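For reference, the chains in residue letters:
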Amino acid sequence: MKKKDTVFDYVISIFLIYGFVILCLCLFCVLFGEAAKDYSTLFALGGQGLTVDTLLQYFVLSAIIATLKFVLFTDGLVKNIPLVIRSIVMFGAVILVIVVMVILFDWFPDDMWEAWFSFFVCFLVCAVVSAILSAVKEKYENRKLEEALREMKKGAT
């Protein structure tokens, strides 16, 4: 039996995504902030940190991603669609939202191919890490359920 998601699970999801993204941005800020300061509003403070505007923009992005995750991966809303299709739609939608935000908030020049290439490489790395972590988590949860089922069967005999 699968646990029913609550509003608290949704809020936790937003902050988990936000925390991971901001941690990555902080790392990029330290590594590339000074060099990117003149090209990107994300690094307006150079290597010194992130602006409040950037933090709020990424909070909105995190909320959108959490909403997409809730809509696409909650069986109550989307039924009978294979997990692979849901995942493809999720990643496509996230890329689309980020592209819109890049252009809307001038995160980096939209005519600079190096910035787009870097974005897609970073996105791909994050997507792969996310997929691996999700698979490991699911495997761990399945193992726990199997152990509980064995114990329950053992107790019934």
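Residues numbered from 1 in each chain as written. Predicted model: local features only at pLDDT ≥ 70, side-chain atom pairs only at ≥ 80, totals over all residues. Heavy atoms only, no water.

Novice: Provide a residue-level description of the overall build of the chain, including the pertinent values.
Specialist: When helices and strands are counted, the chain shows 4 helices and 0 strands. Listed N to C, the secondary structure of the chain is α-α-α-α in terms of helices and strands. Compactness check: the chain gives a C-alpha radius of gyration of 19 Å against a globular reference of 15 Å for 157 residues, more than 25% above the reference. Looking at the chain as a whole, 27% of its 157 residues are labelled buried. (Helix = DSSP H or I, 4+ residues; strand = E, 2+ residues; numbered from the N terminus. Rg over C-alpha atoms; globule rule 2.2 N^0.38 Å. Buried < 20%, exposed > 50% of the residue type's maximum accessible area, 1.4 Å probe, protein only.)

Novice: Quick one: what's the story with the pattern of salt bridges, residue by residue and with numbers?
Specialist: Applying the stated criterion across every chain, the model contains 3 salt bridges. Salt-bridge contacts for Lys 37 lead to Glu 34; the nearest nitrogen and oxygen are separated by 3.4 Å. Between Lys 137 and Glu 141 there is a salt bridge; the shortest N-O distance is 3.8 Å. One end of the pair is Lys 137 and the other is Glu 141, both in helix α4 (residues 113-156) and 4 residues apart, which spans about a single turn. (Salt bridge = Lys/Arg side-chain N within 4 Å of Asp/Glu carboxyl O.)

Novice: Could you give an account of unusual backbone geometry, with specific residues and numbers?
Specialist: One non-glycine residue with positive phi stands out, namely Asp 106, at about 55°. Within the fold, Asp 106 resides in the loop between α3 (83-105) and α4.

Novice: Which residues make up helix α1 (residues 7-36), and what values go with them?
Specialist: Helix length check: α1, at 30 residues, gives a terminal C-alpha distance of 38 Å against a target of 44 Å (1.5 Å per residue), a shortfall beyond 12%. Where the residues of α1 are buried, they touch α2 (52-73). (Expected span 1.5 Å × (residues − 1). Contact = heavy atoms within 4.5 Å.)

Novice: Can you break down the nonpolar core residue by residue, with the values?
Specialist: By size, the foremost hydrophobic cluster in this structure holds 29 residues, and its most contacted members are Leu 25, Tyr 58, Leu 61, Ile 98, Trp 107 and Phe 108. Contributing elements (two or more residues each) for this core: α1, α2, α3 and α4. In terms of residues, this core owes the most to one element, α1, which gives 8 residues. (Core = buried A, V, L, I, M, F, W, Y, C linked by side-chain atoms within 4.5 Å.)

Novice: Explain a nonpolar patch on the surface to me, and be specific about the residues and the numbers.
Specialist: On the surface, Val 7, Phe 8, Val 11, Ile 12, Phe 15 and Leu 16 cluster together to form a nonpolar patch covering roughly 640 Å² of accessible area. By the secondary structure assignment, Val 11 is in helix α1. (Patch = residues over 30% accessible without salt bridge, like charges linked within 9 Å, V, L, I, M, F, W, Y side chains within 5 Å. Areas by Shrake-Rupley, 256 points an atom, 1.4 Å probe, with all protein chains shown as cover.)

Novice: Give me the confidence of the model for the chain: which residues, what numbers.
Specialist: Residue-level pLDDT values for the chain average 86, and 96% of them are 70 or greater. α4 is the least confidently modelled element of the chain, averaging 84 in pLDDT, while α2 averages 93, the highest of any element. (pLDDT = per-residue confidence, 0-100.)

Novice: Lay out the packing of α2 against α3 with the relevant residues and their values.
Specialist: At a minimum axis separation of 10 Å, α2 and α3 run at an interaxial angle of 160°. Judged by the inter-axis angle, α2 sits roughly antiparallel to α3. α2 and α3 meet at a crossing whose hand is right-handed. Side by side, α2 and α3 meet where Gln 57, Val 60, Leu 61, Ile 64, Ile 65, Leu 68, Lys 69, Leu 72 and Phe 73 of the first sit next to Leu 83, Arg 86, Ser 87, Val 89, Met 90, Ala 93, Val 94, Val 97, Ile 98, Met 101 and Phe 105 of the second. For the contact of α2 with α3, a count of residues per class yields 16 nonpolar, 2 polar and 2 charged. (Axes fitted to C-alpha atoms, helices over the stretch in contact; angles between N-to-C directions. Parallel < 35°, antiparallel > 145°, perpendicular 65-115°, else oblique. Left-handed = near helix turned anticlockwise from the far one by under 90°. Nonpolar A, V, L, I, M, F, W, Y, C, P; charged D, E, K, R; others polar.)

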